Amino acid sequence: MSNLKRVSPLAMYIWQIRLILFMFIPAFFLFFFYQPQSLAWKFCAAAVITGFVIMAMVWLPVKYLKLAYRLDGKTLYVRWGVIYTRYGAAFLENIQYVNMSATPLQRLFRLCNVNFVLAGGRMSIPCVDREEGELLRLWGCNQEI
């Protein structure tokens, strides 16, 4: 599949901000429920830091690099995955409903998720520019672009 379009580069910022916010939860429990400098505290702190580094330096960049889509006439192709690369294709005739949604953080960066409800499944493209999302929505609704 050539000529795939990547999602917005701002997606990496959103995913990293979300990762930082979610890492406060184990840090909170680590701070309040373990005795500082004990062996259990050191082990849990090392696990949290290792998990954060792996997610930020490996998982999220690979997720961004593999997430791509392409419109080819009346077919939408999507590629995603981190460990395994998955491919999906949706024909225009099989699209029943198209929805655009955005989290508050995505609205701040003018991004959105485009969700396609298909005959027999669902397909989603996260973190596309709002203008590109509107074009995908219009294409999925079988309107003129």
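Look up a bit, the structure's there.
Just so it is clear, the structure is predicted and the values come from calculations on it, not from any experiment.

Novice: Account for the packing of aromatic side chains, naming residues and giving values.
Specialist: According to the stated counting rule, one finds two aromatic pairs in the structure shown. A network of ring pairs unites the aromatic residues Phe-28, Phe-29 and Phe-32 as a single cluster. The ring of Trp-15 has Lys-63 sitting right over it, with the charged end atom 4.3 Å from the ring centre.

Novice: Tell me about the environment of Asp-72, residues and numbers included.
Specialist: Tracing the backbone shows Asp-72 in strand β2 (residues 68–72). Each C-alpha atom of the pair Asp-72 and Asn-3 lies 9.8 Å from the other, and the pair is 69 residues apart in sequence.

Novice: Hey, could you go over a nonpolar patch on the surface for me, with residue numbers and the actual values?
Specialist: A cluster of nonpolar side chains, namely Phe-22, Ile-25, Phe-28, Phe-29, Phe-31, Phe-32, Phe-33 and Tyr-34, defines an oily patch on the protein surface of about 920 Å² accessible area. Locating Phe-28 in the fold gives a position in helix α1 (residues 10–33). For Phe-28, a relative accessible area of 44% translates into the label partly exposed.

Novice: Provide a residue-level description of the pairing of strand β6 (residues 111–118), including the pertinent values.
Specialist: Within β6, six of the eight residues are buried, which leaves it mostly tucked inside the rest of the structure. Sheet analysis places strand β5 (residues 95–101) next to β6, joined by six bridges and oriented antiparallel. Each bridged residue has a counterpart across the sheet, and for Ser-101 the counterpart in β6 is Asn-113. Sheet topology places β6 next to strand β7 (residues 121–129); seven bridges connect them, and they run antiparallel. Bridging from a neighbouring strand, Phe-116 pairs with Met-123 of β7. Connecting β6 to the antiparallel partner β7 that follows it, the hairpin turn spans two residues, and Gly-120 within it adopts a positive phi of roughly 100°.

The rules behind the values
- Residues numbered from 1 in each chain as written.
- Predicted model: local features only at pLDDT ≥ 70, side-chain atom pairs only at ≥ 80, totals over all residues.
- Heavy atoms only, no water.
- Phe/Tyr/Trp six-rings, centres within 6.5 Å; stacked < 30°, edge-to-face > 60°.
- Lys NZ or Arg CZ within 6 Å of the ring centre and 35° of its normal.
- Helix = DSSP H or I, 4+ residues; strand = E, 2+ residues; numbered from the N terminus.
- Patch = residues over 30% accessible without salt bridge, like charges linked within 9 Å, V, L, I, M, F, W, Y side chains within 5 Å.
- Areas by Shrake-Rupley, 256 points an atom, 1.4 Å probe, with all protein chains shown as cover.
- Salt bridge = Lys/Arg side-chain N within 4 Å of Asp/Glu carboxyl O.
- Buried < 20%, exposed > 50% of the residue type's maximum accessible area, 1.4 Å probe, protein only.
- Pairing = 2+ DSSP bridges.

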